[in-house]
Amino acid sequence: ITDATYGAVTTSTDNTKAIQAALDACGNAGGGKVIVPAGTFLCGPITMSSNTNLYISEGATLQLLPYGTYPKTSTSTTSNIVYPDFITCKSNASNLKISGKGRIYGNGDAWWTAYDNRGSVSIKRGAVIRLNKASNIEIDSITINDAPGSHITIGTNGNSHDATIHNIRIDTKVPSHNTDGIDTWGYNINIDKCYISDGDDNVAIDKGSQYIKITNCTFGYGHGTSVGSYTSNVKHIFVDNCTYTGTDNGIRLKSNTDRGGGEEDFYFSNLTMTGVKYTLYIDSYYDKDYTTPANDKANAKDSITTTPSFKD
């Protein structure tokens, strides 16, 4: 990215155009490797093409533009402010890799403060990495700190598939609202040898997620390995040989009467938990209005197609 053709420099307050130009050059050439060398490079939203490896070198920091200078989407209004995701991909992209021993720094403190003080204004923060309508994905060895919102999201409603996330480290300060570690909304996703500590779900397995395998991971702060709260058509979940230390929950299955249907085939084994509040937590009535058994009973509803039914 620092080649004269592109022109990224550590002294710039915004390297978005330079880094995007390098990514576009790879896309136009049919694929390639975009290297972020050692140093700190401030950047706004960028988009990857097929057959591209975004390589963050050891000693390199790819840092999100700070809150206040990070761009809003064109659909933002004064009462509903939407910020785009940081690293995305073109629709139907395949063979995507984000790797290296460097880090992505989300610059999250000011975002969290703004979110806490938002009042009646809706603020939607983008993910650090969100790969929708994508396949054959690998995320390897990078570190992500202090995301404004969620760190990594794969897919929406089952539209991404075949992803491997391994050897990564997510270490984000708490309290920090909705800073999920990894969210899955697709199928054939393997998460292995990762360390995840954050302010919300360490992993959230959501709608359309199938054949999800989580192995050999270590979890610190966070809400645990969660299924939901959007759980329709979530199936074939395997969690093995993971360690939880000071995590709110170990395994958490959570959904609501309008968010579920078809949840089945869960396998949890060889899990070590220390200082965990709930080792196993199941909630099929995930509604803040009903907080006591008596209140739940008084507001009971018949089962319908979207009622969650965790089984097997």
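Residues numbered from 1 in each chain as written. Predicted model: local features only at pLDDT ≥ 70, side-chain atom pairs only at ≥ 80, totals over all residues. Heavy atoms only, no water.

1. Some remarks on the side chain of Asn-53
Item 1. Residue placement: Asn-53 occurs in strand β4 (residues 52-56).
Item 2. A relative accessible area of 13% places Asn-53 in the buried class.
Item 3. Contact partners of Asn-53, with chain neighbours within four places excluded, come to Gly-32, Lys-33, Val-34, Lys-97, Ile-98 and Ser-99. (Helix = DSSP H or I, 4+ residues; strand = E, 2+ residues; numbered from the N terminus. Buried < 20%, exposed > 50% of the residue type's maximum accessible area, 1.4 Å probe, protein only. Contact = heavy atoms within 4.5 Å.)

2. Considering the sheet that holds strand β24 (residues 235-240)
Item 1. The strand order across the open sheet formed by 9 strands is β1-β4-β8-β12-β15-β18-β21-β24-β27, and the pairing between neighbours is parallel. In this open sheet, the two edge strands, each paired with only one partner strand, are β1 (32-36) and β27 (264-269). If you compare each strand with its neighbour and ignore which way they point, the axes differ by 5 degrees on average.
Item 2. One ladder, built from 5 bridges, connects β24 with β27; its direction is parallel. Residue pairing for β27: Lys-235 is matched across the bridge by Glu-264.
Item 3. Running at roughly 165 degrees to β1, helix α1 (residues 16-28) makes contact with β1 and β4 of the sheet. (Pairing = 2+ DSSP bridges. Axes fitted to C-alpha atoms, helices over the stretch in contact; angles between N-to-C directions.)

3. Structural notes on unusual backbone geometry
Item 1. The linkage connecting Val-174 with the following residue, Pro-175, adopts the cis geometry, with an omega of 0 degrees.
Item 2. Topologically, Pro-175 is positioned in the loop between β16 (169-171) and β17 (182-184).
Item 3. Along the chain, Gly-228 connects to Ser-229 via a cis peptide bond; the corresponding omega equals 25 degrees.
Item 4. Secondary-structure assignment places Ser-229 in the loop between β23 (225-227) and β24.
Item 5. Of note, Asn-157 is a non-glycine position whose phi angle comes to about 55 degrees, a positive value.
Item 6. Mapped onto the fold, Asn-157 is located in the loop between β14 (152-154) and β15 (161-166).
Item 7. In this model, Lys-193 sits at a positive phi of 55 degrees, which is unusual for a non-glycine residue.
Item 8. Counting through the fold element by element, Lys-193 comes out in the loop between β18 (187-192) and β19 (195-197).
Item 9. Overall, Lys-193 belongs to the partly exposed group, its relative accessible area being 47%.

4. A closer look at the sheet that holds strand β9 (residues 103-105)
Item 1. Ordered by their spatial adjacency, 9 strands build an open sheet running β2-β5-β9-β13-β16-β19-β22-β25-β28, and the pairing between neighbours is parallel. On the outer flanks of this sheet lie β2 (39-43) and β28 (272-274), each paired with one strand and no other.
Item 2. Pairing geometry for strand β5 (residues 60-64) and β9, over 3 bridges, is parallel. In the strand pairing of β9, Gln-63 is matched with Tyr-105.

5. Some details on the pairing of β5
Item 1. Burial analysis of β5 places 5 of its 5 residues in the buried class, the great majority of the element.
Item 2. Where burial is concerned, the two faces of β5 agree: the one with Ala-60, Leu-62 and Leu-64 and the one with Thr-61 and Gln-63 are both buried.
Item 3. Bridge count between β2 and β5: 5 bridges; the pairing is parallel. Bridge pairing in β5 links Gly-39 to Ala-60.

6. Some thoughts on the packing of aromatic side chains
Item 1. Tallied over the entire structure, the rule returns 11 aromatic pairs.
Item 2. Here Tyr-67 and Tyr-83 contribute two aromatic rings whose centre-to-centre distance is 6.0 Å and whose plane-to-plane angle is 55 degrees, an arrangement assigned as tilted. Of this pair, Tyr-67 sits in the loop between β5 and β6 (80-82) while Tyr-83 is found in the loop between β6 and β7 (87-89), placing the two residues 16 residues apart along the sequence.
Item 3. For Tyr-67, a relative accessible area of 30% corresponds to the partly exposed category.
Item 4. What makes Tyr-83 buried here is its relative accessible area of 6%.
Item 5. Centroid distance Phe-266 to Phe-268: 6.4 Å. Interplanar angle 25 degrees. Geometry classified as stacked.
Item 6. When its relative accessible area of 29% is taken as the criterion, Phe-268 is described as partly exposed.
Item 7. Each member of the aromatic cluster is reached from another via a ring pair, and the members are Tyr-67, Tyr-70, Tyr-83 and Trp-111. (Phe/Tyr/Trp six-rings, centres within 6.5 Å; stacked < 30°, edge-to-face > 60°.)

Such coordinate-based values are descriptive only and should not be taken to indicate function.
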